[in-house]
Amino acid sequence: MEPNTSSEANPTPQPATKAKESKLSFSMKILLKLLIIFSLSLLLLIPKVMISNLIDEREQTSQEAKEDIAKKWGKSQCVAGPFICIPAKYNKDKTAKLTDDLIIFPETFEISGEINTQSLHRGIYDVAVYSAPFDVKGSFRLPEELNRDNLAKNYELDQAQYMFFIRQLRGLNDYVVFTTPQQKQRMLSTKDNRYLACDADMQQLLNGDTIAYSLLLDLKGSEGLYLLPVGSTSNARISSNSTAPSFTGFLPDNREINEKGFTADWNVIALNRTFAQTLPLETFEDDILADAGYRYSNDNDLKTMDDFMGISLKTGVNQYQQNTRANKYAYLIIILTFITVLFVEIRKENPIHLVQYLLVGIALVLFYTLLLSFSEFLAFGWAYLIAAAMTIGLITAYMAAILKIRKTAFTIGALMSALYIYIYILLSMETFSLLAGSIGLFIILALIMVASQKINWYK
């Protein structure tokens, strides 16, 4: 009788095979979910780009409102002068000039005054404007390198004028009266409306004398003021109630800035500049005043004028630039939040639907819309705090409802709070933002690695 082998027909390794298939199935599910979450994160880049465009649009609207105010009050002012301009003589046929008109800059130039700033409003937008009365004085003397016989031969000395360049004559509060020991004259605009001018008597200068001058320049403008050191020796002393000035071109030799305003002093000699004490008028206009654009150039172009003593008086920080910087971190916040939620899902064995991930992602993106809208009415720090609190509160409450575990939901909220604080610190930093960001990301990656070790990925 043959032995019964029916027990050997069904080998015992079958449960181990099912366990292996179960492990493989779990790993594949996690991998698939990771891929879907990553794709979902990429999908959320679409509203991120839309918010970025919204920031640009709001900034453009703000800029248009500011330009409209500045056009009515006065744009950034550029001041160059006074100087003497001597017209060139024409040839015998009266068809062409013998040479270019000649400019003679003063021997000394001193300017002092106070810039009083204030904010004008257009809807929710502000623009910094100022009024600034300046005392200007100095002296003219004919440079030794000029040949007096050549001047008489090629130039109309009897038509010489004292001239002053002011970028926007609209910004003048009063007439400019040019005073010398011999006379006082009101300076009027030239035919092309580029300069203020009055007659100049060249006889004393041709005799080798020095002519002292003085004038009061009462200006209005917005956001910036740029002064050309026209003297062989130029001195300036400017004070203001602006607490956050930015200096361009020639930097002040001495400055003092506090909560009441600033005081700055300049001392510039002719050797520091790129132009000489005498030069053709055309060269002066093309090389020195070109960026000033006379009346309608972009104010940002003025910051490149290295020969000027520039003061930028913009109040506060551009909230749209801060919003743009914050928006760049959106993808980082989305990814880290999704990873945190995924780890919680795996450890608590509480499945979270992809639709719920999507709702969390939309809440994270909505943060940037809240931030933009609040920052147009509040300081950026307060706007960030309110938007972050609303977003974190919403997601924490939602996770508590999904997981049914308040402690875990509050832990997620605490991690998100730390992340938003970290991002705000990066936004507040300028010089060390890259270093702090790199170190912070390294620490975050290390923490994720530590957290991943506590998860059985083949459960």
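What counts as what
Residues numbered from 1 in each chain as written. Predicted model: local features only at pLDDT ≥ 70, side-chain atom pairs only at ≥ 80, totals over all residues. Heavy atoms only, no water. Helix = DSSP H or I, 4+ residues; strand = E, 2+ residues; numbered from the N terminus. Contact = heavy atoms within 4.5 Å. Buried < 20%, exposed > 50% of the residue type's maximum accessible area, 1.4 Å probe, protein only. Polar contact = N/O pair within 3.5 Å; in protein donor to acceptor, adjacent residues only side chain to side chain. Expected span 1.5 Å × (residues − 1). Core = buried A, V, L, I, M, F, W, Y, C linked by side-chain atoms within 4.5 Å. Phe/Tyr/Trp six-rings, centres within 6.5 Å; stacked < 30°, edge-to-face > 60°. Lys NZ or Arg CZ within 6 Å of the ring centre and 35° of its normal. Patch = residues over 30% accessible without salt bridge, like charges linked within 9 Å, V, L, I, M, F, W, Y side chains within 5 Å. Areas by Shrake-Rupley, 256 points an atom, 1.4 Å probe, with all protein chains shown as cover. Salt bridge = Lys/Arg side-chain N within 4 Å of Asp/Glu carboxyl O. Pairing = 2+ DSSP bridges. pLDDT = per-residue confidence, 0-100. Axes fitted to C-alpha atoms, helices over the stretch in contact; angles between N-to-C directions. Parallel < 35°, antiparallel > 145°, perpendicular 65-115°, else oblique. Nonpolar A, V, L, I, M, F, W, Y, C, P; charged D, E, K, R; others polar. Left-handed = near helix turned anticlockwise from the far one by under 90°.

(A) Fine view of the side chain of aspartate 101. Topologically, aspartate 101 is positioned in the loop between strand 1 (77–86) and strand 2 (102–104). If sequence neighbours within four positions are ignored, aspartate 101 has contacts with Cys85, Ile86, Pro87, Ala88, Tyr155, Leu279, Pro280 and Leu281.

(B) Summary view of the side chain of serine 234. When you line up the elements, serine 234 lands in strand 11 (residues 233–240). Overall, the relative accessible area of 1% leaves serine 234 in the buried class. There is a polar contact of 2.9 Å between the side chain of serine 234 and the backbone nitrogen of glycine 231. Every residue in contact with serine 234, bar those within four places of it in the chain, is listed here: Phe109, Pro229, Trp266, Asn267 and Val268.

(C) Quick peek at helix 9 (residues 354–375). With 22 residues, helix 9 ought to run about 32 Å at 1.5 Å a step, and its terminal C-alpha atoms sit 32 Å apart, in line with that. Among all positions in helix 9, only Tyr357, Val360, Gly361, Ala363, Leu364, Val365, Phe367, Tyr368, Leu370, Leu371, Leu372 and Ser375 are buried.

(D) Fine view of the nonpolar core. Membership of the largest hydrophobic core comes to 72 residues, with the highest contact counts inside it found for Leu217 and Phe284. The element that contributes the greatest number of residues to this core is strand 1, accounting for seven residues. Look past the residues within four positions of phenylalanine 284 in its chain and what remains in contact with it is Ala80, Phe83, Ile103, Phe105, Tyr195, Leu228, Leu279 and Leu289. Within the second largest apolar cluster, 50 residues are counted, among which are Ile334, Val344, Tyr368 and Ala387.

(E) Focus on the packing of aromatic side chains. One pass over the full model with this rule turns up 19 aromatic pairs. Geometrically, the ring pair formed by phenylalanine 83 and phenylalanine 284 is edge-to-face, given 5.2 Å between the ring centres and 65 degrees between the ring planes. Highlighted residues: phenylalanine 83 in strand 1 and phenylalanine 284 in helix 6 (residues 281–288), separated in sequence by 201 residues. Residue classification places phenylalanine 284 among the buried residues on the basis of a relative accessible area of 0%. Taking 5.0 Å as the distance between ring centres and 45 degrees as the angle between the ring planes, the aromatic pair formed by tyrosine 384 and tyrosine 424 counts as tilted. Linking tyrosine 384 in helix 10 (residues 380–403) with tyrosine 424 in helix 11 (residues 406–428), this pair joins segments that are 40 residues apart in sequence. A network of ring pairs unites the aromatic residues Phe83, Phe105, Phe165, Tyr195, Phe275 and Phe284 as a single cluster. Just above the ring of tryptophan 73 sits the side chain of lysine 220; from NZ or CZ to the centre is 4.6 Å.

(F) Here's a closer look at a nonpolar patch on the surface. A cluster of nonpolar side chains, Phe377, Leu378, Trp382, Leu385, Ile386 and Met390, forms an exposed patch at the surface whose accessible area comes to about 640 Å². For methionine 390, the position within the fold is in helix 10.

(G) Examining the pairing of strand 4 (residues 125–140) more closely. Examined bridge by bridge, strand 3 (residues 108–122) and strand 4 share 13 bridges and lie antiparallel to one another. Looking at strand 4, one finds that serine 119 is bridged to alanine 128. Note that strand 4 and strand 9 (residues 211–222) share 12 bridges and pair antiparallel. Directly across from aspartate 135, in strand 9, lies its bridge partner leucine 216.

(H) Structural detail: the confidence of the model for the chain. Confidence along the chain averages 83 in pLDDT terms, with 87% of residues attaining 70 or more. Every residue in residues 16–24 scores below 50 in pLDDT, and together they form one contact with partners more than four places removed in sequence or on other chains.

(I) A look at the packing of helix 3 (residues 45–73) against helix 7 (residues 319–327). Interaxial distance between helix 3 and helix 7 falls to 10 Å at its minimum, and their mutual angle equals 170 degrees. Taken together, the axes of helix 3 and helix 7 lie roughly antiparallel to each other. In contact with Lys48, Ile51, Ser52, Ile55, Arg58, Glu59 and Ser62 of helix 3, helix 7 contributes Tyr320, Gln321, Asn323, Thr324 and Asn327. Residues of the contact of helix 3 with helix 7, tallied by class, amount to three nonpolar, six polar and three charged.

(J) Broad picture of unusual backbone geometry. Between glycine 81 and the following residue, proline 82, the backbone shows a cis peptide bond with an omega angle of 5 degrees. Secondary-structure assignment places proline 82 in strand 1. Residues other than glycine seldom take positive phi values, yet asparagine 193 does so here, at roughly 65 degrees. By secondary structure assignment, the location of asparagine 193 is in the loop between strand 7 (184–189) and strand 8 (195–199). Of note in the backbone geometry, glutamate 223 takes a positive phi value of approximately 70 degrees without being a glycine. Within the element layout of this structure, glutamate 223 appears in the loop between strand 9 and strand 10 (224–227).

(K) Seen up close, the environment of leucine 54. Residue placement: leucine 54 occurs in helix 3. The spacing of leucine 54 and threonine 369 is 315 residues in sequence and 8.7 Å in space, taken between C-alpha atoms.

(L) View of the pattern of salt bridges. Applying the stated criterion to the full structure yields six salt bridges. Note that glutamate 107 is salt-bridged to arginine 141, the shortest N-O span being 3.6 Å. With glutamate 107 in the loop between strand 2 and strand 3 and arginine 141 in the loop between strand 4 and helix 4 (148–154), this pair connects stretches of sequence that are 34 residues apart. Judged by its relative accessible area of 40%, arginine 141 is partly exposed.

(M) View of the packing of helix 9 against helix 10. Look at helix 9 against helix 10: their axes get within 8 Å of each other, and the N-to-C directions meet at 160 degrees. Comparing their axes, helix 10 and helix 9 come out roughly antiparallel. Two packed elements cross with a definite hand, and for helix 9 against helix 10 that hand is right-handed. Residues belonging to the contact of helix 9 with helix 10 are distributed by class as follows: 20 nonpolar, three polar and no charged.

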